[in-house]
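Descriptive structure summary
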Amino acid sequence: CPRMLWEKRRCGRPLPKTARRAKPKGLITLKPSMPRRKLLPIWGIFVDKFSWCSYRVRGIGMKILYVITQLGVGGAEVVLVSMANKMVELGHQVEIVSLLNINTQKFDDKIDVHILDLKNNSIHASMQFIKIIKNFNPDVVHSHCLHANIITRFYRLFCPMKKLITTAHNTYEGQGLIMSLFKYTNFLSNVVTNVSTDAVLAFEKSGYVKHNQMKVM
(Lines give C-alpha, C1' and ligand atoms only; values in the text may rest on other atoms or scores of the structure.)
Protein backbone atom coordinates (compact mmCIF):
# COMPACT_ATOMS: atom_id res chain seq x y z
CA CYS A 1 0.00 0.00 0.00
CA PRO A 2 1.55 3.36 -0.97
CA ARG A 3 0.31 5.03 2.22
CA MET A 4 1.94 2.36 4.40
CA LEU A 5 5.19 2.76 2.49
CA TRP A 6 5.04 6.51 2.98
CA GLU A 7 4.42 6.13 6.71
CA LYS A 8 7.33 3.69 7.01
CA ARG A 9 9.62 6.11 5.22
CA ARG A 10 8.56 8.91 7.55
CA CYS A 11 9.41 6.77 10.58
CA GLY A 12 12.88 6.07 9.25
CA ARG A 13 12.37 2.36 8.53
CA PRO A 14 14.33 0.87 5.63
CA LEU A 15 12.36 0.36 2.44
CA PRO A 16 13.09 -1.48 -0.80
CA LYS A 17 14.84 0.70 -3.37
CA THR A 18 11.85 0.46 -5.67
CA ALA A 19 9.59 1.84 -2.96
CA ARG A 20 11.72 4.67 -1.56
CA ARG A 21 10.52 7.16 -4.13
CA ALA A 22 6.90 6.19 -3.82
CA LYS A 23 4.71 8.97 -2.51
CA PRO A 24 0.94 8.57 -2.26
CA LYS A 25 -1.26 11.16 -3.83
CA GLY A 26 -3.00 13.58 -1.55
CA LEU A 27 -0.19 13.85 1.03
CA ILE A 28 1.55 17.20 1.45
CA THR A 29 5.21 17.52 2.31
CA LEU A 30 5.81 20.53 4.54
CA LYS A 31 8.84 22.62 3.69
CA PRO A 32 11.24 23.63 6.48
CA SER A 33 10.03 26.78 8.20
CA MET A 34 11.66 30.04 7.18
CA PRO A 35 14.13 31.61 9.64
CA ARG A 36 12.46 33.90 12.13
CA ARG A 37 12.82 37.53 11.19
CA LYS A 38 13.81 40.29 13.55
CA LEU A 39 11.05 41.18 15.97
CA LEU A 40 10.06 44.63 17.03
CA PRO A 41 9.06 45.47 20.60
CA ILE A 42 5.67 47.07 20.95
CA TRP A 43 3.49 47.19 24.06
CA GLY A 44 5.26 44.43 25.98
CA ILE A 45 5.43 41.94 23.09
CA PHE A 46 7.65 41.53 20.09
CA VAL A 47 6.05 41.92 16.70
CA ASP A 48 7.28 40.64 13.35
CA LYS A 49 6.58 43.66 11.17
CA PHE A 50 6.20 41.54 8.04
CA SER A 51 3.53 39.08 9.19
CA TRP A 52 2.42 41.12 12.22
CA CYS A 53 2.40 37.97 14.37
CA SER A 54 3.24 38.45 18.02
CA TYR A 55 5.65 36.50 20.18
CA ARG A 56 6.53 36.80 23.84
CA VAL A 57 10.31 36.98 23.95
CA ARG A 58 12.62 37.02 26.96
CA GLY A 59 16.31 37.62 27.35
CA ILE A 60 17.08 39.11 23.92
CA GLY A 61 18.62 42.19 25.52
CA MET A 62 17.70 44.86 22.98
CA LYS A 63 18.26 48.59 23.39
CA ILE A 64 14.98 50.49 23.21
CA LEU A 65 14.64 54.28 23.17
CA TYR A 66 11.18 55.70 23.83
CA VAL A 67 10.45 59.28 22.76
CA ILE A 68 7.39 61.22 23.90
CA THR A 69 6.33 64.86 23.76
CA GLN A 70 6.11 65.22 27.55
CA LEU A 71 5.75 63.08 30.67
CA GLY A 72 2.83 64.82 32.35
CA VAL A 73 -0.49 63.27 33.34
CA GLY A 74 -2.19 61.50 30.45
CA GLY A 75 -3.12 58.16 28.90
CA ALA A 76 -0.15 57.98 26.53
CA GLU A 77 2.24 58.71 29.39
CA VAL A 78 0.74 55.94 31.54
CA VAL A 79 1.02 53.49 28.64
CA LEU A 80 4.67 54.46 28.13
CA VAL A 81 5.48 53.92 31.82
CA SER A 82 3.89 50.47 31.77
CA MET A 83 5.59 49.52 28.52
CA ALA A 84 9.06 50.72 29.58
CA ASN A 85 8.88 48.96 32.95
CA LYS A 86 7.76 45.74 31.26
CA MET A 87 10.67 45.86 28.83
CA VAL A 88 13.14 46.24 31.69
CA GLU A 89 11.49 43.27 33.40
CA LEU A 90 12.05 41.24 30.22
CA GLY A 91 15.75 42.05 30.30
CA HIS A 92 16.10 44.92 27.84
CA GLN A 93 17.96 48.21 28.12
CA VAL A 94 15.55 51.14 28.10
CA GLU A 95 15.99 54.90 27.92
CA ILE A 96 13.30 57.56 27.61
CA VAL A 97 13.38 61.05 26.09
CA SER A 98 10.81 63.71 26.93
CA LEU A 99 10.98 66.57 24.41
CA LEU A 100 9.46 69.07 26.86
CA ASN A 101 10.59 69.83 30.39
CA ILE A 102 7.62 68.09 32.04
CA ASN A 103 7.93 64.92 34.10
CA THR A 104 5.50 63.66 36.74
CA GLN A 105 5.93 59.95 36.05
CA LYS A 106 7.88 57.31 38.00
CA PHE A 107 9.91 54.65 36.21
CA ASP A 108 12.01 51.64 37.14
CA ASP A 109 15.38 52.66 38.62
CA LYS A 110 17.16 50.95 35.72
CA ILE A 111 15.62 53.35 33.18
CA ASP A 112 17.50 56.51 32.21
CA VAL A 113 15.06 59.38 31.62
CA HIS A 114 16.27 62.39 29.60
CA ILE A 115 14.23 65.57 30.01
CA LEU A 116 14.84 68.06 27.20
CA ASP A 117 13.52 71.57 26.73
CA LEU A 118 12.77 71.74 23.03
CA LYS A 119 10.30 74.60 23.46
CA ASN A 120 12.59 77.12 25.20
CA ASN A 121 16.02 75.93 24.08
CA SER A 122 15.52 74.15 20.78
CA ILE A 123 19.14 74.17 19.54
CA HIS A 124 20.60 72.73 22.75
CA ALA A 125 17.76 70.21 23.04
CA SER A 126 18.29 69.08 19.43
CA MET A 127 22.00 68.53 20.04
CA GLN A 128 21.20 66.60 23.22
CA PHE A 129 18.69 64.41 21.41
CA ILE A 130 21.15 63.50 18.67
CA LYS A 131 23.86 62.81 21.25
CA ILE A 132 21.53 60.48 23.19
CA ILE A 133 20.75 58.47 20.06
CA LYS A 134 24.40 58.17 19.04
CA ASN A 135 25.61 57.24 22.53
CA PHE A 136 22.83 54.76 23.28
CA ASN A 137 22.69 53.36 19.71
CA PRO A 138 19.21 51.84 20.16
CA ASP A 139 17.99 48.82 18.22
CA VAL A 140 14.52 50.39 18.17
CA VAL A 141 13.31 53.96 18.59
CA HIS A 142 9.63 54.11 19.55
CA SER A 143 7.97 57.54 19.56
CA HIS A 144 4.56 58.41 21.01
CA CYS A 145 2.09 61.26 20.32
CA LEU A 146 1.88 63.55 17.32
CA HIS A 147 4.68 66.07 17.93
CA ALA A 148 7.19 63.46 19.09
CA ASN A 149 6.33 61.29 16.07
CA ILE A 150 6.97 64.06 13.55
CA ILE A 151 10.10 65.39 15.26
CA THR A 152 11.65 61.92 15.62
CA ARG A 153 10.98 61.22 11.94
CA PHE A 154 12.74 64.42 10.90
CA TYR A 155 15.75 63.62 13.06
CA ARG A 156 16.03 60.29 11.30
CA LEU A 157 16.94 62.14 8.10
CA PHE A 158 20.36 63.02 9.50
CA CYS A 159 20.66 60.75 12.55
CA PRO A 160 20.61 57.01 11.68
CA MET A 161 18.03 54.84 13.45
CA LYS A 162 17.96 51.08 12.94
CA LYS A 163 14.18 50.82 13.38
CA LEU A 164 11.60 53.51 14.04
CA ILE A 165 8.07 52.89 15.33
CA THR A 166 5.64 55.79 15.63
CA THR A 167 2.45 55.45 17.68
CA ALA A 168 -0.57 57.73 17.68
CA HIS A 169 -2.91 57.62 20.68
CA ASN A 170 -6.22 59.00 19.47
CA THR A 171 -8.77 59.17 16.65
CA TYR A 172 -8.07 62.91 16.31
CA GLU A 173 -4.65 64.45 16.93
CA GLY A 174 -4.95 67.68 14.99
CA GLN A 175 -5.57 69.08 11.54
CA GLY A 176 -4.06 71.25 8.86
CA LEU A 177 -0.29 71.62 8.46
CA ILE A 178 0.80 69.41 11.34
CA MET A 179 -1.28 66.46 10.12
CA SER A 180 0.07 67.01 6.61
CA LEU A 181 3.56 66.70 8.07
CA PHE A 182 2.50 63.46 9.74
CA LYS A 183 1.06 62.14 6.47
CA TYR A 184 4.04 62.95 4.28
CA THR A 185 6.64 61.64 6.74
CA ASN A 186 5.04 58.21 7.17
CA PHE A 187 7.70 56.74 4.89
CA LEU A 188 10.33 57.50 7.53
CA SER A 189 8.74 55.03 9.96
CA ASN A 190 9.24 51.29 9.74
CA VAL A 191 5.93 50.73 11.56
CA VAL A 192 3.03 53.14 12.23
CA THR A 193 0.54 52.15 14.95
CA ASN A 194 -2.49 53.42 16.82
CA VAL A 195 -4.33 52.29 19.94
CA SER A 196 -7.66 51.14 18.50
CA THR A 197 -9.41 50.02 15.33
CA ASP A 198 -11.63 53.13 15.39
CA ALA A 199 -8.55 55.36 15.55
CA VAL A 200 -6.96 53.58 12.58
CA LEU A 201 -10.16 53.89 10.53
CA ALA A 202 -10.37 57.60 11.38
CA PHE A 203 -6.81 58.17 10.17
CA GLU A 204 -7.49 56.21 6.97
CA LYS A 205 -10.75 58.11 6.34
CA SER A 206 -8.96 61.44 6.75
CA GLY A 207 -6.24 60.30 4.34
CA TYR A 208 -3.40 60.61 6.85
CA VAL A 209 -2.35 57.00 6.27
CA LYS A 210 -2.87 54.55 3.43
CA HIS A 211 -5.11 51.51 3.81
CA ASN A 212 -3.42 48.89 6.02
CA GLN A 213 -0.43 51.18 6.60
CA MET A 214 -1.32 51.82 10.25
CA LYS A 215 -1.57 48.85 12.61
CA VAL A 216 -3.63 48.42 15.78
CA MET A 217 -1.69 47.70 18.95
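Above: the structure in question.
If you're wondering where the values come from, they're calculated on a predicted model, not measured in any experiment.

**Observations concerning the environment of Ile-178**
For Ile-178, the position within the fold is in helix α5 (residues 177-184). Considered as a pair, Ile-178 and His-147 are 31 residues apart in the sequence and their alpha carbons are 8.4 Å apart. Filtering out sequence-adjacent residues up to four positions away, Ile-178 remains in contact with Leu-146, His-147 and Ile-150.

**Considering unusual backbone geometry**
Not every positive phi belongs to a glycine, and Cys-145 is a case in point at roughly 80 degrees. A relative accessible area of 15% means that Cys-145 is categorised as buried. Non-glycine residue Asn-212 carries a positive phi angle of around 70 degrees. On the secondary structure map, Asn-212 appears in the loop between α6 (197-206) and β10 (214-216).

**As for the pattern of salt bridges**
As a working rule, side chains carrying opposite charge can pair if their charged atoms are close by. Counted according to the given criterion, the structure contains two salt bridges. Put simply, Lys-86 and Glu-89 hold a salt bridge, and the shortest N to O gap is 3.5 Å. With Lys-86 and Glu-89 both in helix α2 (residues 75-89) and three residues apart, the pair spans about one turn of that helix. Its relative accessible area of 54% is what places Glu-89 among the exposed residues. The salt bridge partner of Asp-139 is Lys-162, with a shortest N-O separation of 3.4 Å. Here Asp-139, found in the loop between α3 (122-136) and β7 (140-144), pairs with Lys-162, found in the loop between α4 (146-156) and β8 (164-167); they are 23 residues apart in sequence, far enough to count as distant.

**Side note on the nonpolar core**
Grouped together as the largest cluster of nonpolar side chains are 21 residues, with contacts concentrated most on Tyr-66, Ala-84, Val-94, Ile-96, Phe-107 and Ile-111. Of all the secondary-structure elements, those providing two or more residues to this core are β4 (63-68), α2 and β5 (93-98). With seven residues, the single largest contributor to this core is α2. With sequence-adjacent residues up to four places away left out, Ile-96 is seen in contact with Leu-65, Tyr-66, Leu-71, Leu-80, Ala-84, Phe-107, Ile-111, Asp-112, Val-113 and His-114.

**Digging into α6**
When α6 is considered as a whole, its buried residues turn out to be Ala-199, Val-200, Phe-203 and Glu-204. All buried residues of α6 fall inside an arc of 135 degrees around its axis, so they share one side. Those residues of α6 that are exposed and aimed more than 90 degrees away from the buried face are Asp-198 and Lys-205. The secondary structure elements touched by the buried residues of α6 are α5, β9 (191-194) and β10. Just downstream of α6 lies Gly-207, where phi reads positive at about 85 degrees.

**Here's the deal with the sheet that holds β8**
The seven strands lie next to each other as β6-β5-β4-β7-β8-β9-β10, forming an open sheet whose pairing is parallel. Looking at which strands have only one partner, the edges of the open sheet turn out to be β6 (112-115) and β10. In this sheet, neighbouring strand axes are inclined to one another by 25 degrees on average, regardless of whether the strands run parallel or antiparallel. Direction of pairing for β9 relative to β10: parallel, over a ladder of three bridges. By the bridge assignment, Val-192 is partnered in β10 with Met-214. In this fold α6 packs onto β9 and β10, with an angle of close to 165 degrees to the strand it touches most, β10.

**Focus on a nonpolar patch on the surface**
Together, Phe-154, Leu-157, Phe-158, Leu-177 and Leu-181 line one region of the surface with nonpolar side chains, adding up to about 520 Å² of accessible area. Its location among the elements puts Phe-154 in helix α4. Using a relative accessible area of 35% as the deciding quantity, one classes Phe-154 as partly exposed.

**Points about the packing of aromatic side chains**
Inspection of every chain in the model, using the stated rule, returns four aromatic pairs. Here Phe-129 and Tyr-155 contribute two aromatic rings whose centre-to-centre distance is 4.9 Å and whose plane-to-plane angle is 85 degrees, an arrangement assigned as edge-to-face. Residue Phe-129 is located in helix α3, and its partner Tyr-155 is located in helix α4; the two are separated by 26 residues in the primary sequence. A single burial state applies to Phe-129 and to Tyr-155, both of which are buried. For the ring pair Phe-182 and Phe-203, a centre distance of 5.7 Å and an interplane angle of 70 degrees mean the geometry is edge-to-face. One end of the pair, Phe-182, is in helix α5; the other, Phe-203, is in helix α6, with 21 residues separating them in the sequence. Comparing Phe-182 with Phe-203 shows no difference in burial state: the two are buried.

Analysis parameters
Residues numbered from 1 in each chain as written. Predicted model: local features only at pLDDT ≥ 70, side-chain atom pairs only at ≥ 80, totals over all residues. Heavy atoms only, no water. Helix = DSSP H or I, 4+ residues; strand = E, 2+ residues; numbered from the N terminus. Contact = heavy atoms within 4.5 Å. Buried < 20%, exposed > 50% of the residue type's maximum accessible area, 1.4 Å probe, protein only. Salt bridge = Lys/Arg side-chain N within 4 Å of Asp/Glu carboxyl O. Core = buried A, V, L, I, M, F, W, Y, C linked by side-chain atoms within 4.5 Å. Arc of directions from axis to C-beta. Pairing = 2+ DSSP bridges. Axes fitted to C-alpha atoms, helices over the stretch in contact; angles between N-to-C directions. Patch = residues over 30% accessible without salt bridge, like charges linked within 9 Å, V, L, I, M, F, W, Y side chains within 5 Å. Areas by Shrake-Rupley, 256 points an atom, 1.4 Å probe, with all protein chains shown as cover. Phe/Tyr/Trp six-rings, centres within 6.5 Å; stacked < 30°, edge-to-face > 60°.

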